[in-house]
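# A closer look at the structure
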Amino acid sequence: MSDPLFWHRLQFGFTIIYHYLFPQLTMGLALLIVVLKLIALRTGREAFNNAARFWIRIFGLNFAFGVVTGIPMEFQFGTNWARFSEYAGGVVGQTLAMEGIFAFFLESTFLALLIWGERRLGPRGHLAAAVALLLGSWLSGYFIIATNAFMQHPVGYRIAADGMLQIADLSQFVFNPWAVVQYLHNQSASVVTAAFVMVAVGAFWTLRRTHSEVARVSLRTGLFAGLVASILVAFPTGHEHGRMVATRQPVTLAAMEGHFESGSHAPLAVIGQPNVPERRLDNPIRLPAVLSWIAYGDFSASVRGLDAFPESEWPDNIELLYYAFHIMVGLGTIFIALMGLGTLQLARGRLERSRWLLWLLTFAFPFPYIATTAGWMTAELGRQPWLVYGLFRTAEGASPLVHSGTALFTALGFAGLYFVMGILFLALVAQEVAHGPRTPEHGSHA
Amino acid sequence: MEAIWFGLAAMMVTIYVVMDGFDFGAGGLHLTVARQDSERRQVLAAIGPFWDGNEVWLLAGGGVLFMAFPKVLASGLSGFYLAIFLFLWVLILRGLAIELRSHVADSMWRAFWDGAFTVASILAPVLLGAALGNVLRGVPVGEDGWFALPLFDSLSPSSGLGVLDWYTVLCGVLALAAVLHHGALFLAWKTDGPVRSRSRAAASRILPALAALWVATTMATTRLAPEVFRGLAARPLAWLATGLFLAGLATSYAARRAGRDLLAFLGSAAFLLGLLAATAAAVYPTWLRSTLDPVWSLTAANAAAARTSLVTGLYWWPLGFVLALAYFTVLFRLHRGKVRASEMPEGH
């Protein structure tokens, strides 16, 4: 209770997880909206335009919640992680400042035009606004991932005379190989979230036999995008990400996999419970030599276990890290199967009669949010005990003069505020889904 | 190099205040100048396309501060911890009020968000003004560059320092008056009908209060932070800025009386711009003045990031700034002209 570090971590973790519930949908949805509008423009089919209009309304709601929950994230670097900001601001300040000036202005300008400007801009102009918003939101995502990638795998920096970090090579820092892989993995996952939400609404309307045209468009677009993106999340992006962790954060890989003992032909534990005090995995089901192959592409490769590293370098919550990772991987596998099944039934023309599958697709939408959250928990817990990997420990990063009670107070404030906001958000989205797509006259009111 | 970034960061914060200031002001006057639902929608439509972009100046300015003066960001934000979170929660409430109001066609739902919008739009500039007050008066920065202050004190001149004390709250109320005046002139420019005439009336009522508060704050500042005026006197740039804000104030008064709405609004923008520029020029090179020992103050020199980081920033910042200006030009052009009461559709 008296250690402020715990409350700083809790508050930052809670507010970032909550915040990211919104951008993960808007980034993916921005792409799908562009796709819908492109198809509408090329084929002239009004159902795609109606679908785009409905999804733009959902996008607008999510975007508003994303903006208001995003502002505190920027400030918490200074309020809660002041020592880290002082230490690394000369480097990570670059990408955060770039995000403000290159991405946020783009987004805020074109969001208003996308939501209110359909009549004023005409179909091509409106599509251009959607593309600008896609660009803005994906750019914003890149700057954040580049910042995080520096914390995971610092490159392009120099340590100045006063011990603080300074930038040495901007392009090396911005195009950190870690950032590129993590970005592709993360953006694929955001398309998965958007696709599942789109499919869920389409399936829901189909089950209720309303808005059949827009329901069909949403189902088709969502299933196809969802299948492609679910595969991309696992391969190549997830696989490459895993290999990157294996070579650059080997102790993290060992902890994620519950791999306690070093050795060649390392097995992959599909399930099992890490028993950290006893240094073993309880009740495991193992695939022999598969971990060696995943990490190094060679079944006989030696994979270092946790025993190869001093305990001071172990992630500080191995159990949570292990489960978060396994939940992510397990759900990711199920997503491919579910989207594959849906696409198959669609191709056979049987989807609308497979009511059990429509029920499943309607209520599957929370799981991509869970998988994405678990994925980020894997990345951030796996980075521990470092704030900047290998350079600066999390324990050194918190603000020096903020009392634990003060940090607890603001954490509780966010918990209360975000709880009420969550209820509001769900009620408003439910209202939109119940109302369904609007006609063009209603779509562009001021 | 530090001087350039001091200037750029101060400029971005100034642009933020001028831009978000008009939508804060419009929000603070929302319940007063717009009485019916259609009028309230007229006010929201007038600021609707702009407010989000305006707020980005805060984030972009904060980003520049982070990049160029990490120690100032770290010490300042953690030192003002609770006040910052109050401000953030107010901004969250305000953003939700603007975005969610139109989603439900129910009079109590809308009345609630109208009230929240007004309260949040009043609190935000008070907190911003108080922040500026803290910068002017100084904070107890220690030898290691950190400080902590209680959120508030008893508000009497004899009590110790608080983030919110009599002086900083006075600065906050001055900021509130300034943005209410600014917002009233913005609405007078961008609306017609009863909203426009009420906004003009509001501006004329606020102006004397604004002038009185400005005199009171200036007098208090001469007592609490005399070095600010020594800085002001020593720098020609500060004289220029002082001239700008006096001319802006006079223009906004004369143009409003002449019915030239845009000129009056621009005059008010010049007033805010000049006032903040004069302040920045007067306090330069100090970011956070230490009330304990001037040597411990955080300045452009001792709180800047390494020179390579500052030089690197100059590679991309100008491009981003030009793009941002281009977006705002597009936005203001596409939304030129007045939001007319007759165009407010029934329903929502």
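Worth saying up front: this structure is predicted, and the values here are computed from it rather than measured.

Helices and strands together make up the secondary structure of chain B, namely 12 helices and 2 strands. Secondary structure elements in chain B, listed N-terminal to C-terminal, are α-α-α-α-α-α-α-α-α-α-α-β-β-α. A compact globule built from 348 residues should have a C-alpha radius of gyration of about 20 Å, and chain B, at 20 Å, falls within 12% of that. For chain B, buried positions account for 58% of its 348 residues.

Once that is clear, we can look at the packing of helix α3 (residues 46-79) of chain A against helix α14 (residues 404-435) of chain A. Residues and elements named next belong to chain A. Direction vectors running N to C along α3 and α14 enclose 170 degrees, while the axes themselves pass 10 Å from each other. Looking at the two axes, α3 sits roughly antiparallel to α14. Residues R57, I58, L61 and F65 of α3 form the contact with α14, whose own contacting residues are M421, F425, L428, V429 and E432.

Turning next to the environment of R83 of chain A. Looking at where R83 of chain A falls in the secondary structure, it is placed in helix α4 (residues 82-116). Residues R83 of chain A and G202 of chain A lie 119 residues apart in sequence; the distance between their C-alpha atoms is 48 Å.

Moving on: the interface of chain A and chain B. Between chain A and chain B, the residue contacts involve 51 residues of the former and 55 residues of the latter. Those elements that provide at least two residues to the side of chain A that touches chain B are α3, α4, β2 (165-167) and α14 of chain A. Considering each element in turn, the side of chain A that touches chain B owes the most residues, 23 residues, to α4 of chain A.

Residue and element names in this part refer to chain A. Cis peptide bonds are those with omega within 30 degrees of zero, and the linkage from F235 to P236 qualifies with 5 degrees. Among the secondary structure elements, P236 is positioned in helix α8 (residues 212-248). A cis amide bond, omega 5 degrees, links Q384 with the succeeding residue P385. Relative to the assigned elements, P385 resides in the loop between α13 (366-383) and β7 (386-388). We note that R209 has phi near 55 degrees; this positive angle belongs to a residue other than glycine. Of note, R209 is situated in the loop between α7 (177-208) and α8.

This part covers the confidence of the model for chain B. Mean pLDDT over chain B stands at 92; residues scoring 70 or higher make up 99%. Among the prediction metrics, the complex's ipTM stands at 0.92, with pTM recorded as 0.94.

Below, the discussion takes up helix α4 (residues 70-79) of chain B. Burial analysis of α4 of chain B places 10 of its 10 residues in the buried class, the great majority of the element. Taken as a whole, α4 of chain B has its buried residues at P70, K71, V72, L73, A74, S75, G76, L77, S78 and G79 of chain B. Summarising the contacts, the buried residues of α4 of chain B are in contact with α3 and α4 of chain A together with α3 (51-68), α5 (81-100), β1 (286-288) and β2 (298-299) of chain B.

Residues and elements named next belong to chain A. Strand direction decides the pairing type here: strand β4 (residues 268-275) and strand β5 (residues 280-287), joined by 6 bridges, are antiparallel. When the bridges of β5 are listed, Q273 appears paired with D282. What sits between β4 and β5 in their antiparallel hairpin is a turn of 4 residues, with R279 showing a positive phi close to 55 degrees.

Conventions adopted
- Residues numbered from 1 in each chain as written.
- Chains lettered and ligands numbered in written order.
- Predicted model: local features only at pLDDT ≥ 70, side-chain atom pairs only at ≥ 80, totals over all residues.
- Helix = DSSP H or I, 4+ residues; strand = E, 2+ residues; numbered from the N terminus.
- Rg over C-alpha atoms; globule rule 2.2 N^0.38 Å.
- Buried ≥ 20, exposed ≤ 12 C-beta atoms within 10 Å, placed from the backbone.
- Axes fitted to C-alpha atoms, helices over the stretch in contact; angles between N-to-C directions.
- Parallel < 35°, antiparallel > 145°, perpendicular 65-115°, else oblique.
- Contact = placed C-beta atoms within 7 Å.
- pLDDT = per-residue confidence, 0-100.
- Pairing = 2+ DSSP bridges.

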